Amino acid sequence: MSSTVGDFLVERLSQWGVKRIFGYPGDGINGVFGALRRSGKIEFVQCRHEEMAAFMASAHAKFTGELGVCIATSGPGASHLLTGLYDARLDHMPVLAITGQQARTALGGHYQQELDLMSMFKDVAGAFVQQASAPSQVRHLLDRAVRTAVGERKVTALILPNDLQDLPYEEPARAHGTLHSSVGVCRPRVVPREADLVDAAQLLNAGNKVAILVGAGALQASEQVRALAEKLGAGVAKALLGKAVLPDELPWVTGCIGLLGTEPSLKLMNECDTLLMIGSGFPYAEFLPKEGHARGVQIDIAPNMLGLRYPMDINLVGDAADTLKALLPLIEQKTDRRWRKKVEGWRKAWDTKLEKRALTTADPINPQRVVHELSPRLPDNAIITSDSGSCANWFARDLRIREGMQCSLSGGLASMGAAVPYAIAAKFAHPEQTVVALVGDGAMQMNNLAELITVAKYWKQWGNGRWICAVFNNQDLNQVTWEQRVMEGDPKFAASQDIPDVPYHLFAISIGLKGICVERDEDVAAAWEQALASDVPVVIDFRTDPNVPPLPPHISLKQARQFAGALLQGDPDSVGVIRQTARQVLSSVLPKK
Ligand SMILES: Cc1ncc(C[n+]2csc(CCOP(=O)(O)OP(=O)(O)O)c2C)c(N)n1
Ligand SMILES: [Mg+2]
């Protein structure tokens, strides 16, 4: 039987199916931690920082489909959660944050660690945020926080004053002003009406050149997307969060789209006459067809994500798999395969180009080669995470996803610091699978490095050490350096861009993990093989060349001029940049001298 409010909370979370909570302790939340210890029903994962706990909760939701839960103390613990919670919110993940608060008797008194948490969480957890004030209120607050998070795929927050956590739990009385809530939520099957499906099918059947764009919302609809694309003779581009929807072995999958995307995806969008978008909030409208050039159908579970990036003709509210299942019988098999052949041709040419780029020599290591060599060596069910930075380009372009793999990154928020916590949450959820995190050195220094200590603390518990962190050590905040050059026309600003050299592999060794340093292109493949065969988690320090350009698949004339101008203004790395850029892509746009 429950005794304190804390005990009740833990028991109720367990009834909701929560098995693991990520967090960090503090006196504002000790009443709940005591209950976690007494109960033993929920595993507590101790992170190095509350932001990492929130990233882990977000990743837990992404890699399992379950609710992610994170917990922190009052004041600074709660405020540290914010970025990870925003990550979940922007990627539509169900996450519950539980935090402490000062005692009810102190609130409003400018007390130590007293923050107005209701106001602070109001934006990120706007779907449901409440601060409990009485024991008998906690039951419905928790039930509603979980049901809202799961049912609406939102972030919610529950704030518990510390004195309240230790009070005896009371069931709500049968009286005016009390509530009697329950556990459980059955998600609906959401399928558009038949007449709307018929309209959508007519539009798609009338198209001669159909392009499909899939996002995270289509991750559970791989089979249906594939069947539909085959019938329509369509090419399929993938938004970053939808990278695992279809394997890259399919010759008509054009890969990722956007600034980090591929040339065939760009061509697919520019030349199609019909666009079908499924479960994607891909933001960059300039990579979609020009307005009026294509007719469009969109499918999304969230009505507020429909018709937003492209003026769609038909906006269908629906679950991706169920909607496609209902749509498929209405779709005619296209006999004219010329468009499909064209898309496959683009894709083939791109594969050749990509491989050539990856195998070009660089100084010291070509970062594209790091991911290029990883792809064929990954086990079938590997999980790959990426940080934000130039490695996200190589993750998007050079990583070839196969069936059964999962991958993700901080998509909507594009925050640095997510790759290692994501990879930790992935490993807790799927301990039998190999997990690989791709991380920039700036992101390591920001917070991923400390989170390796969490790996050192827990890996033996996972039952195996198949967990790898690959660092792209270029001593530069490279993605932004290139944005300064190409988008702004500014030379690299060394004061803001250069970062110290840190021996990541030695840090790993010092905390009991394995560390490998790779300094030459020709050693990249062997390093991956060694790491993938290791029974201890590995950190690989790849010394990569910052002058390999992570450029968008197309570069506009304006950007080319700006880029050339930036180099002429005295970019400190101009010689290396020109050499690498010429080798990679841009020989036509470089300054002549
Ligand atoms: C929290 C946060 N701060 C700043 C940025 C802006 N930003 C995006 S990529 C990047 C550079 C990342 O550098 P690094 O991790 O070394 O990767 P690289 O691009 O060098 O491969 C920065 C500063 C961000 N996305 N998130
Ligand atoms: Mg870097």
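Given the structure is predicted, the values throughout are model-derived calculations rather than measurements.

Parameters at a glance
- Residues numbered from 1 in each chain as written.
- Chains lettered and ligands numbered in written order.
- Predicted model: local features only at pLDDT ≥ 70, side-chain atom pairs only at ≥ 80, totals over all residues.
- Heavy atoms only, no water.
- Helix = DSSP H or I, 4+ residues; strand = E, 2+ residues; numbered from the N terminus.
- Rg over C-alpha atoms; globule rule 2.2 N^0.38 Å.
- Buried < 20%, exposed > 50% of the residue type's maximum accessible area, 1.4 Å probe, protein only.
- Donors = N, O, S within 2.8 Å, 3.2 Å for Na, K, Ca; no water.
- Near = heavy atom within 4 Å.
- Polar contact = N/O pair within 3.5 Å; in protein donor to acceptor, adjacent residues only side chain to side chain.
- Areas by Shrake-Rupley, 256 points an atom, 1.4 Å probe, with all protein chains shown as cover.
- Nonpolar A, V, L, I, M, F, W, Y, C, P; charged D, E, K, R; others polar.
- Core = buried A, V, L, I, M, F, W, Y, C linked by side-chain atoms within 4.5 Å.
- Domains from an automatic or database assignment.
- Contact = heavy atoms within 4.5 Å.
- Buried area = accessible area lost by both parts, 1.4 Å probe.
- Salt bridge = Lys/Arg side-chain N within 4 Å of Asp/Glu carboxyl O.
- Pairing = 2+ DSSP bridges.
- Axes fitted to C-alpha atoms, helices over the stretch in contact; angles between N-to-C directions.
- 1 Å grid on protein atoms, 1.4 Å probe; cavity = no way out; pocket = protein on both sides within 12 Å on 5 of 7 lines; lining within 4 Å.
- Points joined across faces, edges and corners; volume = space filled by probe spheres on them.
- Left-handed = near helix turned anticlockwise from the far one by under 90°.
- Phe/Tyr/Trp six-rings, centres within 6.5 Å; stacked < 30°, edge-to-face > 60°.

Description of the overall build of the protein
What the protein contains, in helices and strands, is 23 helices and 18 strands. The C-alpha atoms of the protein give 25 Å as radius of gyration, which agrees with the globular expectation for 593 residues (25 Å, within 12%). In terms of overall dimensions, the protein has C-alpha extents of about 75 × 65 × 45 Å along its principal axes. Evaluated residue by residue, the protein yields a buried proportion of 58% over its 593 residues.

A word on the coordination of the magnesium ion (ligand 2)
Every protein donor of the magnesium ion (ligand 2) is accounted for by Asp-441 (OD), Asn-474 (OD1) and Asp-476 (O), and the metal-donor separations fall at 2.0 to 2.1 Å. Mapping the donors of the magnesium ion (ligand 2) onto the primary sequence yields the spacing D-x32-N-x1-D. Taken together, the positions of Asp-441 in helix α17 (residues 441-458) and Asn-474 in the loop between β16 (467-473) and α18 (478-488) put the pair 33 residues apart, joining distant regions of the chain. Accessibility classification places Asp-441 together with Asn-474 in one group, the buried group.

Re helix α15 (residues 390-398)
Of all nine residues in α15, nine are buried; the element is thus mostly enclosed. Taken as a whole, α15 has its buried residues at Ser-390, Cys-391, Ala-392, Asn-393, Trp-394, Phe-395, Ala-396, Arg-397 and Asp-398.

Quick look at the site of ligand 1
Near ligand 1 you find 18 residues, and of these Ser-390, Asp-441, Gly-442, Asp-476 and Gln-479 are the closest. Asp-441 is positioned with one of its side-chain polar atoms (N or O) 2.6 Å from an oxygen atom of ligand 1. In this structure, an oxygen atom belonging to ligand 1 sits 3.1 Å away from a side-chain N or O atom of Asn-474. For ligand 1, whose accessible area on its own is 580 Å², the fraction buried by protein is 77%. Breaking the shell around ligand 1 down by element, the ones donating at least two residues are α15, α17 and α18. Top element by residues in the shell around ligand 1 is α17. It accounts for four residues. Taken together, the residues of the shell around ligand 1 sort by class into seven nonpolar, nine polar and two charged.

What to know about the nonpolar core
Of all hydrophobic cores here, the largest spans 59 residues; its most connected members are Phe-22, Cys-70, Leu-85, Phe-121, Trp-467 and Cys-469. At nine residues, the largest contribution of residues to this core is made by helix α3 (residues 50-64). Split by domain, the residues of this core number at least three in each of domain 1 (5-165) and domain 3 (359-587). Ignoring sequence-local partners within four residues, the contact set of Cys-469 consists of Val-420, Ala-437, Val-439, Met-444, Leu-452, Val-538, Val-539 and Ile-540. By size, the runner-up hydrophobic cluster in this structure holds 38 residues, among which are Leu-378, Cys-407, Ala-527 and Ala-531.

Here we look at the domain arrangement of the protein
Here the domain parsing of the protein yields domain 1 (5-165), domain 2 (194-346) and domain 3 (359-587). A C-alpha centroid distance of 38 Å is found between domain 1 and domain 2. The interface is formed by four residues belonging to domain 1 together with four residues belonging to domain 2. Both faces combined, the contact of domain 1 with domain 2 buries some 260 Å², and carbon together with sulfur accounts for 64% of it. Interface area lost by domain 1 to domain 2 is led by Asp-91, His-92 and Arg-153, which between them contribute 83%. For the pair domain 1 and domain 2, the number of links is zero salt bridges. Inspection of the domain 1/domain 2 interface yields zero residue pairs in polar contact (both at pLDDT 80 or more). A per-class count over the side of domain 1 that touches domain 2 returns no nonpolar, one polar and three charged.

Describing the pairing of strand β3 (residues 68-72)
Burial analysis of β3 places five of its five residues in the buried class, the great majority of the element. Two strands pair when backbone bridges link them, and strand β1 (residues 20-23) and β3 are joined in this way by two bridges, in the parallel orientation. Paired with Phe-22 across the two strands is Cys-70, which belongs to β3.

A closer look at the sheet that holds strand β2 (residues 43-46)
What the six strands build is an open sheet, ordered β2-β1-β3-β4-β6-β5; its pairing is parallel. Because the sheet does not close on itself, it has two edges, and the strands there are β2 and β5 (128-131). For this sheet, the mean angle separating the axes of adjacent strands, direction not counted, is 20°. Pairing geometry for β5 and strand β6 (residues 155-161), over four bridges, is parallel. From the neighbouring strand, Phe-128 faces β6, where its bridge partner is Thr-156. In the packing of helix α16 (residues 419-429) onto the sheet, the strands contacted are β1 and β2, and the crossing angle to β1 comes to about 160°.

Concerning empty space enclosed by the protein
For the coordinates displayed, the defined rule picks out one cavity of 30 Å³ or more. Its volume calculated, the largest cavity comes out at about 140 Å³. Taken together, 17 residues line the largest cavity, and the ones lying closest to its centre are Asp-248, Gly-255, Trp-350, Leu-354 and Arg-397. Of all the elements in the fold, those that place two or more residues in the lining of the largest cavity are β9 (253-256), α13 (338-359) and α15.

Concerning the packing of helix α1 (residues 5-15) against helix α7 (residues 138-152)
Interhelical geometry of α1 versus α7 gives an angle of 30° and a closest axis separation of 10 Å. Pair α1 / α7 crosses with right-handed handedness. Taken together, the residues of α7 that come into contact with α1 (itself represented by Val-5, Phe-8, Leu-9, Arg-12 and Leu-13) are Val-138, Arg-139, Leu-142 and Asp-143. A per-class count over the contact of α1 with α7 returns six nonpolar, no polar and three charged.

Concerning the layout of surface pockets
When its volume is computed, the second largest pocket comes out at roughly 280 Å³. Taken together, 13 residues form the lining of the second largest pocket, with Glu-152, Arg-153, Lys-154, Ile-301 and Ala-302 sitting closest to its centre. Both domain 1 (5-165) and domain 2 (194-346) contribute no fewer than three residues apiece to the lining of the second largest pocket.

A word on the packing of aromatic side chains
Counting across every chain of the model gives 12 aromatic pairs. Between the aromatic rings of Trp-339 and Trp-346, the centroid separation amounts to 5.7 Å while the plane-to-plane angle is 90°, which identifies the pairing as edge-to-face. Like Trp-339, the residue Trp-346 is buried in the burial classification. Among the aromatic side chains, those forming a connected cluster through ring pairs are Phe-22, Phe-428, Tyr-458 and Trp-462.

Quick look at the side chain of Gln-479
The residue Gln-479 is located in helix α18 in this model. Look past the residues within four positions of Gln-479 in its chain and what remains in contact with it is Leu-260, Gly-389, Ser-390, Asn-393 and Pro-550.

A look at the sheet that holds β9
Read across the sheet, six strands follow the order β9-β8-β7-β10-β11-β12 without closing on themselves; strand pairing throughout is parallel. Each having just a single partner strand, β9 and β12 (314-317) make up the two edges of the open sheet. Recorded for the sheet is a direction-independent mean angle of 15° between the axes of neighbouring strands. Contacts from helix α12 (residues 320-327) reach β10 (274-278), β11 (295-300) and β12 within the one sheet, and its direction differs from that of β11 by about 130°.

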